[in-house]
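# What the coordinates show
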Amino acid sequence: MKKTTTNKELLLGAHMSVAGGLYTAFERAERVGCTAIQIFTKNSNQWNDPVISTEDIAKYREGRNKSKVQIVVSHDSYLINLCGANDKLLEKSREAFVKEIKRCDALEIRHLIFHPGAHTILGRKESLRLVADSLNYAHKATEGDDIISVIETTAGQGTTVGSSFEEIAEIISGVKDKKRVGVCIDTCHIFAAGYDIRTSNDYEKTMSDFDKIIGFEKLHAVHLNDAKKPLNSHVDRHEHIGKGEIGKGAFGFIMNDDRFSKIPKILETPKGENGYEMDIVNLRTLRELVEEASI
Ligand SMILES: [Zn+2]
Ligand SMILES: [Zn+2]
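Structural notes, computed from the coordinates. Note that the structure is a prediction, hence the values are computed from the model and not measured. (Residues numbered from 1 in each chain as written. Chains lettered and ligands numbered in written order. Predicted model: local features only at pLDDT ≥ 70, side-chain atom pairs only at ≥ 80, totals over all residues.)

Before going further, it helps to spend a moment on unusual backbone geometry. Positive phi, normally seen in glycine, also occurs at Glu108, with a value near 60 degrees. In this structure, Glu108 sits in the loop between α3 (87-106) and β4 (111-114). (Helix = DSSP H or I, 4+ residues; strand = E, 2+ residues; numbered from the N terminus.)

A few words on the environment of Thr54. Its location among the elements puts Thr54 in helix α2 (residues 54-66). It is 9.1 Å that separates the C-alpha atoms of Thr54 and Ala106, two residues lying 52 residues apart in sequence.

Reading around the barrel, the eight strands line up as β1-β2-β3-β4-β5-β6-β7-β10 and close back on themselves, with parallel pairing between neighbours. Averaged over all pairs of adjacent strands, the angle between their axes in this sheet comes to 30 degrees, without regard to strand direction. (Pairing = 2+ DSSP bridges. Axes fitted to C-alpha atoms, helices over the stretch in contact; angles between N-to-C directions.)

This part takes up the nonpolar core. Ranked by size, the top nonpolar core spans 79 residues in total, and within it Ile37, Val131 and Val150 carry the most contacts. The dominant element in this core, judged by the number of residues it contributes, is helix α4 (residues 124-141), at six residues. Apart from residues no more than four positions distant in its own chain, Val131 is found in contact with Leu82, Cys83, Pro116, Gly117, Val161 and Ile171. (Core = buried A, V, L, I, M, F, W, Y, C linked by C-beta atoms within 7 Å. Buried ≥ 20, exposed ≤ 12 C-beta atoms within 10 Å, placed from the backbone. Contact = placed C-beta atoms within 7 Å.)

Laid out in structure tokens, this is it:
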């Protein structure tokens, strides 16, 4: 059967470091051959929110325009917890999230991927509502922007919310401006949360559940990570493609699934010794899976 997606058109790449300047992500992307990348627009483990200078924006644009990268998505800081029960953390998180959106806007990045957060003294249900409220707050504060807040599926480690499609749907239902909310499937996370994708039957079942409960029209990004820990472990540990508990087959299903063809597919696997050699290996494995299936 002739594939509708050719290898050249694949939106495929990896999370790229911006050490040395935002524009350097494109140099790294070039080295490993990405057509899609994910970046942090600031240090992901700090609360400081730098304003990006016009010079940095210009260099970034120049890098992007010369690059083969067709889409850049951003990932928010790990410290942000949009359902933080303590008022101080919640307020700080909301303000930081607004700044994340503003940096995306400055860089013409349309998708901001974020983890919905971890609940503390509040229950799950209340926490999901709080995440939606936080998004409503951030969207209002950035009215007129078309940046989409993309909820990442989680492994359900500890008290993190968003490990079931139902929970993600519940957050979305509380968001007022539906155009500004989307979803990112992380293969390692859904597997750790109990969604099997290893056989063709299980893959179809998981994806049809996703479609019924959330809807593929809400899918804006995919994180392609194999898993170090078994199904339903609720442990978030990424492994190289084909070397973990999920195995190569599942990635072949995704790479050849038309529902994913226009979706940026991003690796978040270990980079290896020189900071990129394993990206080359993992991207090659993924491309080969497309070729194998289209013979
Ligand atoms: Zn993430
Ligand atoms: Zn993860």
